[in-house]
Amino acid sequence: MTAPVLDVQGLTVRLPARADRVNAVENVSFAVTPGEIVCVVGESGSGKSVTAHAVMGLLPARQLTVAAGRILLEGDDLLTKTPAEMRHIRGARIGMIFQEPMTALNPVMRVGDQIAEVLDIHTKLSERERRQRVLDVMASVHLPEPERMIDVYPHQLSGGQRQRIMIAAALVLDPVLLIADEPTTALDVATQAQILKLMKELRERRNTGVLFITHDFGVVAEIAHRVVVMQHGRVVEQGATQDVLRRPRDEYTRTLIRAVPSLSPPARASVADAPVVLETKHLMMTYKAGGFFEKRREVKAANDVNLCVRRGEMLGVVGESGSGKSTVARCIARLIVPSDGAILIEGADVAKLGTRALRPHRKRVQIVFQDPYRSLNPRRSVGDAITEGPVNFGMNAGEAVARARNLMRLVGLDPDALARFPHQFSGGQRQRICIARALAMDPEILVADEPVSALDVSVQAQVLELIDDVRKRFNLAVLFITHDLRVAAQVCDRIVVMHKGEVVEEGTTAAVFAAPQHAYTKALFDSAPGRNFEFGKFDQE
Amino acid sequence: MLTFILKRALSTIPVMGVVALTVFLLLRLSPGDPASVIAGDYATAEQIAKIRTQLGLDQPIFIQFAHWLGDLMRGDLGVSIFSNLPVTTLIGQRIEPTLMLALTTIVFSVVVAVPLGVLAAWKAHTWVDRAVMVFAVVGFSVPVFVMGYFLIYGFALGLHWFPVQGYRSPFSEPGQFVSHITLPTLALSAIYIALIARITRASVLEVLEEDYIRTARAKGQAEIKVLLRHALGNAAVPIVTVIGLGVAFLIGGVVVTESVFNIPGLGRLVVDAILKRDYPIIQGLILFFSFLYIALNLVIDIAYTVLDPRIRY
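Asks: Talk me through the overall build of chain B; I want residue IDs and the actual numbers.
Replies: In terms of regular secondary structure, chain B is built from 13 helices and 0 strands. For chain B, the spread of C-alpha atoms along the three principal axes comes to 80 × 55 × 35 Å. A burial count over chain B gives 43% of its 313 residues as buried. In chain B, of all internal contacts separated by at least 6 residues, the share reaching a separation of at least 24 is 71%. In the form shown here, chain B has an accessible surface area of approximately 16,200 Å², with 70% of it arising from carbon and sulfur atoms.

Right, here's the structure in full:
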């Protein structure tokens, strides 16, 4: 066996006093050999990012301190290095890429300069040699037209291209170790598939050891040689990918893997006979850009969208970012005014109604947003958030509170918690509160815009179950917006696939997943990470 | 980029037009007859009529505006009622000390305040940070004239390091210029140093939380370069905004400072003109300062696009 590039031994990182636990990570040990991809998997708060930052020597000073252990890079203990020595190692011998390509690049610096900066810090190359090296590495991460792209700014690139720039900057000096902290989480599936392919290819070509942080078992199945599972700062299990995924020994690992939604949709009772509650006809949303002197540009965010949802039905709207799915959701909730077309709620067109005429229809459509951390007003108690709507529509306060208590119970929270504030709840609990808030209006239509994307897998499953439960219980028509095919497969009766503002495919979930018709849908399915892997079907021991 | 600057410059023309019209109407629409106001309390009817004809006030208002605008285009701002000298000449005589004082103040403020602000942000919540911020609060709180007299008392009367008052041109006597301009610059700078240092600190502190700062550190970049290259570059837009606002407000401060240090600049011209109700001068100065502000805004807008490639108008 070859000597590991990275050998973490008994790493313990202390949290500041008064945190919810003593150590951020405790007695963590694992190794990465050259050319190996090791995935560290865990939910938020498991300590996986802290581990990565400890290796980089980038823990926030005075807040997180290494209390014990060794971090050996090619046998050399990084914890004994001075800050100056660590600066020579970072960027040269360890490269790192981050989750958000949108924010991880300096917006006011040309991307070529951001790659060249690494060379500038660690080498004494001439201006011309530097530029050539940058062009070479840009070509090696398959960026089109490096000669042109070297001089653009980050905002002129797509998310995938930016992540390629990040990878280029991390790899330009051929580091022995690459740390990737959730590098594909913020990307579309298709882009994610390309980036994963690129990372596999680069590892092969350069024999780099890769420490890959992720929460996504699909990605693990796709890319990892070995897996390290973390929970509450401890390693609960590690081993070869196939072993861990098929024969997990630890109960927590099992729970995590079981929580990964399957790509094969379960059988669902047909609602084809139920009356149509929501219908859009030729819905158009066109954004106009350009000003005083410029030529006008038009973006068709939604183009001739026709869809209908029946009572008690969950319609999934699937697509990548920029496909127009959120635009459609916002039109239906009338948070924006569509440019053209009709939105029929039980036959009444609300597409162009003015504020006053719209008011009685407002309560009929309620929306749950993606990020429960930002969709609740931090200065208002949960009770206020839930009762505000009904009280606005004339319910007396006492009745509204009684109703809020019932709803809290319904979404699985303590009714006595109404006086508390959003920050006192976890992400999953907040999303439950958002659902309760939507239900308080007694709506006929629930629009759920990526309601579980910001949540951990285990929490995700529970919230999905809750949404499906309220659909049944209140016979709601649900419009479920998601980019995640696995999620869509589990909860939707029918699926609409959107691409560049248009509906490209529509059908029952079972039919679409069994035999996608449109080329785009097929491509979308092909890029789902871990699609060939059946999660949660463990081998018998 | 060049077309952008050209477009942006062209779009200031309507603004300048509105300013010109407002300034014109200001005098015409003010209550009372300007001619009789100018003539004073003891003037005869003939004298008033003469002034009226002299100012063209007996003609229809549109014709008056056309004449006035025509004069303006040729750079003619009219003639002072009291000194009978053209307003442009008067402004020309007084402009140098004011511009010099404004320039030294802004340069000195930026040179001192931006590094102080960056330092405070870098050492946030330590004694360094607190010392800078205490200094900033003091700078805010002490009025310009108090600061001015305080400096004169200490450094001119007490230590005899600098002259008490007056002004020398940098073009004829550079050495004397420096010694004369130092105390006024210090007095006027205090508040701008305080303002710019605070904004720089807040702005850099916010940027230091950004992901790309972490990226820069992950590349092995030295802390000083992380601060100057990545943090300050991204924090620049709000800082430049405040510097621009500072220059705009500077005019008020200059008037006071010129009085305290007896500098023959525009500030004194303004005060004298207002006290004597010399309308053409007041009008000319308002126009002059308005156009200065418009030009300044143009410069700031262009600076934005240079500092942040995402900003395009």
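Asks: Explain helix α11 (residues 223-261) of chain B to me, and be specific about the residues and the numbers.
Replies: Since there are 3.6 residues in each turn of an α-helix, residues three or four apart along the chain are aligned in direction. In this model α11 of chain B runs just 43 Å from its N-terminal to its C-terminal C-alpha over 39 residues, more than 12% under the 57 Å that 1.5 Å per residue would give. The largest bend along α11 of chain B measures about 50 degrees and falls at Ala-236 of chain B, with the proline Pro-238 of chain B one to four residues further on.

Asks: Tell me what's going on with the packing of helix α15 (residues 427-439) of chain A against helix α16 (residues 457-474) of chain A, and back it up with residues and numbers.
Replies: The relative placement of two packed helices is expressed as an angle between their axes plus a distance between the axes. All names here are of chain A. Close contact between α15 and α16 brings their axes to 10 Å; oriented N to C, the two are set at 15 degrees. Here α15 lies roughly parallel to α16, going by the angle between them. Between α15 and α16 lies a crossing of right-handed hand. Together, Gly-428, Gln-431, Arg-432, Ile-435 and Leu-439 of α15 and Val-459, Gln-462, Val-463, Leu-466, Ile-467, Val-470 and Phe-474 of α16 make up the contact between the two elements.

Asks: Residues and numbers for the sheet that holds strand β5 (residues 76-77) of chain A, please.
Replies: All names here are of chain A. Strands sit in the order β2-β1-β4-β5 across an open sheet of 4 strands; the sheet is antiparallel. Both edges of this open sheet fall to β2 (23-32) and β5, since each of them pairs with a single strand only. Relative to strand β4 (residues 65-73), strand β1 (residues 6-14) is paired through 7 bridges, and the arrangement is antiparallel. Bridge pairing in β4 places Arg-14 opposite Thr-65. Running at roughly 110 degrees to β1, helix α1 (residues 48-56) makes contact with β1, β2 and β4 of the sheet.

Asks: For the domain arrangement of chain B, give the residues involved together with the corresponding values.
Replies: All names here are of chain B. Entries for chain B in the domain assignment read domain 1 (2-73) and domain 2 (95-307). A separation of 34 Å is found between the C-alpha centroids of domain 1 and domain 2. With 18 residues of domain 1 at the interface, the matching set in domain 2 holds 12 residues. Approximately 1,400 Å² of surface area, both sides summed, lies buried where domain 1 meets domain 2, with 82% of it carried by carbon and sulfur atoms.

Asks: Can you tell me about the pattern of salt bridges, naming the residues and giving the values?
Replies: Residue and element names in this part refer to chain A. Under the defined criterion, the tally for this structure stands at 32 salt bridges over all chains. Among the ionic pairs, Asp-243 bridges to Arg-247, the shortest N-O distance being 2.6 Å. Residue Asp-243 is classed as partly exposed on the basis of its relative accessible area, which comes to 36%. Here Glu-346 and Arg-364 are joined by a salt bridge, their closest N and O atoms 2.7 Å apart. Note that Glu-346 is positioned in the loop between β14 (340-345) and β15 (348-349) and Arg-364 in the loop between α12 (355-362) and β16 (365-368), a separation of 18 residues in sequence.

Asks: I'd like to hear about the side chain of Ser-140 of chain A, residue by residue, with values.
Replies: All names here are of chain A. Note on placement: Ser-140 falls in helix α4 (residues 127-140). With a relative accessible area of 12%, Ser-140 lands in the buried category. Polar side-chain contacts of Ser-140 include one of 2.9 Å to the backbone oxygen of Val-137. With residues up to four places along the chain from it excluded, the contact list for Ser-140 reads Leu-198, Glu-201, Leu-202, Arg-205 and Arg-206.

Asks: Let's hear about the interface of chain B and chain A: which residues, and what values?
Replies: Contacts between the two partners involve 22 residues from chain B and, on the opposite side, 30 residues from chain A. Roughly 2,300 Å² is buried in total at the junction of chain B and chain A, and carbon and sulfur atoms are behind 58% of that figure. Where chain B meets chain A, there are 2 salt bridges. Across the salt bridge formed by Lys-219 of chain B and Glu-117 of chain A, the nearest N and O atoms sit 2.9 Å from each other. Our count for the contact surface shared by chain B and chain A stands at 12 residue pairs in polar contact (both at pLDDT 80 or more). For the side of chain B that touches chain A, the elements supplying multiple residues, two or more each, are α10 (211-218) and α11 of chain B.

Asks: Before we move on, could you go through a nonpolar patch on the surface and cite the residues and values that matter?
Replies: All names here are of chain B. On the surface, a cluster of nonpolar side chains totalling about 350 Å² of accessible area is made up of Phe-145, Val-146, Tyr-149 and Val-256. It is helix α8 (residues 144-158) that provides the largest number of residues to the nonpolar patch, a total of 3 residues. Along the chain, Val-256 falls in helix α11. The partly exposed category is assigned to Val-256, whose relative accessible area is 33%.

Asks: Just give me the short version of the environment of Val-504 of chain A, but keep the residues and values in it.
Replies: All names here are of chain A. Its place among the elements puts Val-504 in strand β20 (residues 502-508). Note on Val-504: relative accessible area 22%, which makes it partly exposed. Distance from Val-504 to Thr-521, taken between C-alpha atoms, is 7.9 Å for residues 17 residues apart in sequence. Beyond its immediate chain neighbours, meaning those up to four positions away, Val-504 contacts Val-497, His-499, His-518, Tyr-520 and Thr-521.

Asks: Would you mind going over the sheet that holds strand β9 (residues 226-231) of chain A in detail, with residue names and values included?
Replies: Residues and elements named next belong to chain A. Within the open sheet, the 6 strands sit side by side as β6-β7-β8-β3-β9-β10. Their pairing is mixed. What marks the edges here is a single partner per strand, and that holds for β6 (94-97) and β10 (234-240). Each adjacent strand pair in this sheet contributes to an overall mean axis angle of 15 degrees, direction not counted. Sheet topology note: the strand β3 (residues 37-41)/strand β8 (residues 209-214) ladder contains 5 bridges and is parallel. When the sheet's bridge partners are listed, Val-41 is paired in β8 with Thr-214. Each of β9 and β10 is contacted by helix α10 (residues 251-258), which is oriented at about 105 degrees to β9, the strand it contacts most.

Asks: Tell me about the packing of aromatic side chains, and please be specific about residues and values.
Replies: Enumeration according to the criterion identifies 4 aromatic pairs over all chains in this entry. Considering the side-chain rings of Phe-513 of chain A and Phe-525 of chain A, the 4.8 Å spacing of their centres and the 75 degrees angle between planes classify their relative orientation as edge-to-face. Residue Phe-513 of chain A is found in helix α18 (residues 509-514), and its partner Phe-525 of chain A is found in helix α19 (residues 519-526); the two are separated by 12 residues along the sequence. For the pair Phe-513 of chain A and Phe-525 of chain A, a shared accessibility class is recorded, and that class is buried. Above the face of the Trp-122 of chain B ring, Lys-123 of chain B is positioned so that its terminal group lies 4.4 Å from the ring centre.

Asks: Which residues make up the nonpolar core, and what values do they have?
Replies: All names here are of chain A. Met-199 and Phe-212 are the most contacted members of the largest nonpolar core, which totals 95 residues. Of the residues forming this core, the biggest block, 7 residues, is contributed by helix α6 (residues 159-171). Dropping the residues within four chain positions of it, Phe-212 is found in contact with Ile-37, Val-38, Cys-39, Val-40, Ala-180, Pro-183, Leu-196, Met-199, Val-219 and Ile-223. Counting 51 residues, the second-largest nonpolar core is a separate cluster that includes Ala-436, Val-487, Ala-488 and Tyr-520.

Asks: So, the packing of α10 of chain B against α11 of chain B: which residues are in play, and what are the values?
Replies: Residues and elements named next belong to chain B. In contact at an axis separation of 10 Å, α10 and α11 are set at 150 degrees when each is read in the N-to-C sense. Considering their axes alone, α10 and α11 lie roughly antiparallel with respect to each other. Between α10 and α11 lies a crossing of right-handed hand. Packed against α10, whose contacting residues are Tyr-212, Ile-213, Ala-216 and Arg-217, the element α11 presents Glu-223, Val-226, His-230, Ala-231 and Asn-234 at the interface. In terms of residue class, the contact of α10 with α11 is built from 5 nonpolar, 2 polar and 2 charged.

About the thresholds
- Residues numbered from 1 in each chain as written.
- Chains lettered and ligands numbered in written order.
- Predicted model: local features only at pLDDT ≥ 70, side-chain atom pairs only at ≥ 80, totals over all residues.
- Heavy atoms only, no water.
- Helix = DSSP H or I, 4+ residues; strand = E, 2+ residues; numbered from the N terminus.
- Buried < 20%, exposed > 50% of the residue type's maximum accessible area, 1.4 Å probe, protein only.
- Contact = heavy atoms within 4.5 Å.
- Areas by Shrake-Rupley, 256 points an atom, 1.4 Å probe, with all protein chains shown as cover.
- Expected span 1.5 Å × (residues − 1).
- Bend = angle between axes of the 7 residues up to and from the residue.
- Axes fitted to C-alpha atoms, helices over the stretch in contact; angles between N-to-C directions.
- Parallel < 35°, antiparallel > 145°, perpendicular 65-115°, else oblique.
- Left-handed = near helix turned anticlockwise from the far one by under 90°.
- Pairing = 2+ DSSP bridges.
- Domains from an automatic or database assignment.
- Buried area = accessible area lost by both parts, 1.4 Å probe.
- Salt bridge = Lys/Arg side-chain N within 4 Å of Asp/Glu carboxyl O.
- Polar contact = N/O pair within 3.5 Å; in protein donor to acceptor, adjacent residues only side chain to side chain.
- Patch = residues over 30% accessible without salt bridge, like charges linked within 9 Å, V, L, I, M, F, W, Y side chains within 5 Å.
- Phe/Tyr/Trp six-rings, centres within 6.5 Å; stacked < 30°, edge-to-face > 60°.
- Lys NZ or Arg CZ within 6 Å of the ring centre and 35° of its normal.
- Core = buried A, V, L, I, M, F, W, Y, C linked by side-chain atoms within 4.5 Å.
- Nonpolar A, V, L, I, M, F, W, Y, C, P; charged D, E, K, R; others polar.

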